[in-house]
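Examining the three-dimensional arrangement
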Amino acid sequence: MDVFCGIDWAEGHHDVAIIDNTGKLLAKCRIDDDLDGYQLLLDLLADHGDSAETPIPVAIETSRGLLVATLRTGARQGFAINPMAASRYRDRHGVSRKKSDPGDAPVLANIVRTDMPMHRPLPADSDLAQAIAVLARAHQDAVWNRQQIANQLRSLLREYYRAALEAWRHKAGGLTRPDARKILAAAPTPTKAAELALWKLKVTMHNAGRQRGINEDAERIQTLFRQPSARQLPVVEEAMGIQAKALLVQLNAVCKAVDELAKAVERTFRTHPDAPVMLSFPGIGPGVGARLLAEIGDDRTRFATAGGLKAYAGAAPITRASGKRKYVGRRFVKNNRLNHAGYLWAFSTLTHSKGANAHYRKRREHGDWHAQALRHLFNRMLGQLHHCLQTRIPFDEVIAFPVDAATAGLTRTPPPGRP
């Protein structure tokens, strides 16, 4: 390769620099963040030899957006450089700590010129995998937003409406339950809650989708609402009720978004060729499977070994050794979305796989904390997932946990016609 490109991107414009294999600046320009600017960039690359046979590698500090989508057309390699790494490279070109957008573009180009093997190119994921990534990340964000708004509502209710917290404290979903949101909308203050008739509670719960245990639950909630309790001043209580209704509007909207995105995620994930292999693993459903696929992708050349995937997910430990000092601990620099999905996967596996549960118990007896044992289990399961995706074979628990499966009393059923 004789030519390299670096792009310092911003919201309204992007600075471009093209250098040769000696680091000499061949061209630089500033393009707008629109179609004309993207076409100007492609023309500039073509003028310096960019083609399907000799693509020019491009370094940029992001992996998403329309600019990146434009650059990924054809066989051109793109490198998403971590901004922290780019900052360290900048110090190699000057110790004065100066910084400018036009000056950062050549720095990025020099990164791929000198250290291209040390940086991973953007994966060549299929269009379907990229679509799943968009939906899975949007669903995960919506779930996190739902919990954040529910926590705000809970904090508010704690200040003036303790009975509402007690009513759904031990119910799955808590304040995000449809019946809880319906009843709170009808009675946002303790005064209005105490006036709710039993028949109205039952109708509200039925309208929220409840079908079982309505009579008993309605009587329990009415008893809670009518018990004597500490109250705020009437005017203050009414103001807090208005605030609670405003939070309920946000909570209803995000709960609806979570449900709609969950359906879209499952529908799209099941059409992917990797879905049958991933769903064969214990603890992986459409939701967790889509999150795993969104972060792993379907480019099989992205992770040549299982160790690279484990390090990317934060499942593999990291060693720091210097002189007589040695430290082995968990990774802090990782793909947080993949790590979070892995925690859910490992936790769910405990109730779906006897071999995995035996492995977890062995780690706990060894002295691991709960999170450590789950991370160790995720590390092992992730290696098995990498192998199964590479070889296109489904999960087999007896092969995955030969010792633990035997301890759990599992035996392998031979295929028909084989001993």
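See the structure above.
Structure report, in brief. (Residues numbered from 1 in each chain as written. Predicted model: local features only at pLDDT ≥ 70, side-chain atom pairs only at ≥ 80, totals over all residues. Heavy atoms only, no water.)

On to the nonpolar core. The biggest cluster of nonpolar side chains holds 39 residues, and the ones touching the most others in it are F281, L292, I296, W345, L382 and L385. Of all the elements in the fold, those that place two or more residues in this core are helix 5 (127–160), helix 11 (234–269), helix 12 (275–279), helix 13 (286–296), helix 14 (306–313), helix 15 (336–349), helix 16 (354–366) and helix 17 (370–391). Among the elements that take part in this core, helix 17 stands out by supplying nine residues, more than any other. In this structure, L156, A164, I221 and M240 belong to the second largest nonpolar core, which totals 32 residues. (Core = buried A, V, L, I, M, F, W, Y, C linked by side-chain atoms within 4.5 Å. Buried < 20%, exposed > 50% of the residue type's maximum accessible area, 1.4 Å probe, protein only. Helix = DSSP H or I, 4+ residues; strand = E, 2+ residues; numbered from the N terminus.)

Positioned with a positive phi, R392 is a non-glycine residue whose angle comes to about 60°. By relative accessible area, R392 is classed as partly exposed at 40%.

Under the criterion given, the structure shown has 17 salt bridges. Two residues, K171 and D217, come together in a salt bridge whose shortest N-O distance is 3.6 Å. In this pair, K171 is assigned in the loop between helix 6 (162–167) and helix 7 (178–186) and D217 in helix 10 (residues 214–225), connecting sequence segments 46 residues apart. Classification of K171 by relative accessible area gives partly exposed; the value is 30%. We note a salt bridge from R220 to D217, for which the minimum N-O separation is 2.8 Å. Taken together, the positions of R220 and D217, both in helix 10 and three residues apart, correspond to about one turn of that helix. For R220, a relative accessible area of 31% corresponds to the partly exposed category. Here the residues in one salt-bridge network are K171, R177, D179, R210, D217 and R220, joined through shared partners. (Salt bridge = Lys/Arg side-chain N within 4 Å of Asp/Glu carboxyl O.)

What follows deals with the pairing of strand 6 (residues 318–322). Each regular strand carries side chains that alternate between the two faces of the sheet. Among the five residues in strand 6, zero count as buried, and that is only a small part of the element. In terms of strand pairing, strand 6 meets strand 7 (residues 325–329) through five bridges, oriented antiparallel. Paired with A321 across the two strands is K326, which belongs to strand 7. Hairpin connection of strand 6 to strand 7: two residues between the antiparallel strands, including G323 at a positive phi of 65°. (Pairing = 2+ DSSP bridges.)

Running from N to C, helix 3 (residues 83–92) and helix 4 (residues 101–115) cross one another at 95°; their axes reach a closest spacing of 10 Å. Between helix 3 and helix 4, the angle falls in the class roughly perpendicular. Taken together, the residues of helix 4 that come into contact with helix 3 (itself represented by A86, Y89, R90 and R92) are D104, V107, L108, I111, T114 and D115. For the contact of helix 3 with helix 4, the per-class residue count stands at five nonpolar, one polar and four charged. (Axes fitted to C-alpha atoms, helices over the stretch in contact; angles between N-to-C directions. Parallel < 35°, antiparallel > 145°, perpendicular 65-115°, else oblique. Contact = heavy atoms within 4.5 Å. Nonpolar A, V, L, I, M, F, W, Y, C, P; charged D, E, K, R; others polar.)

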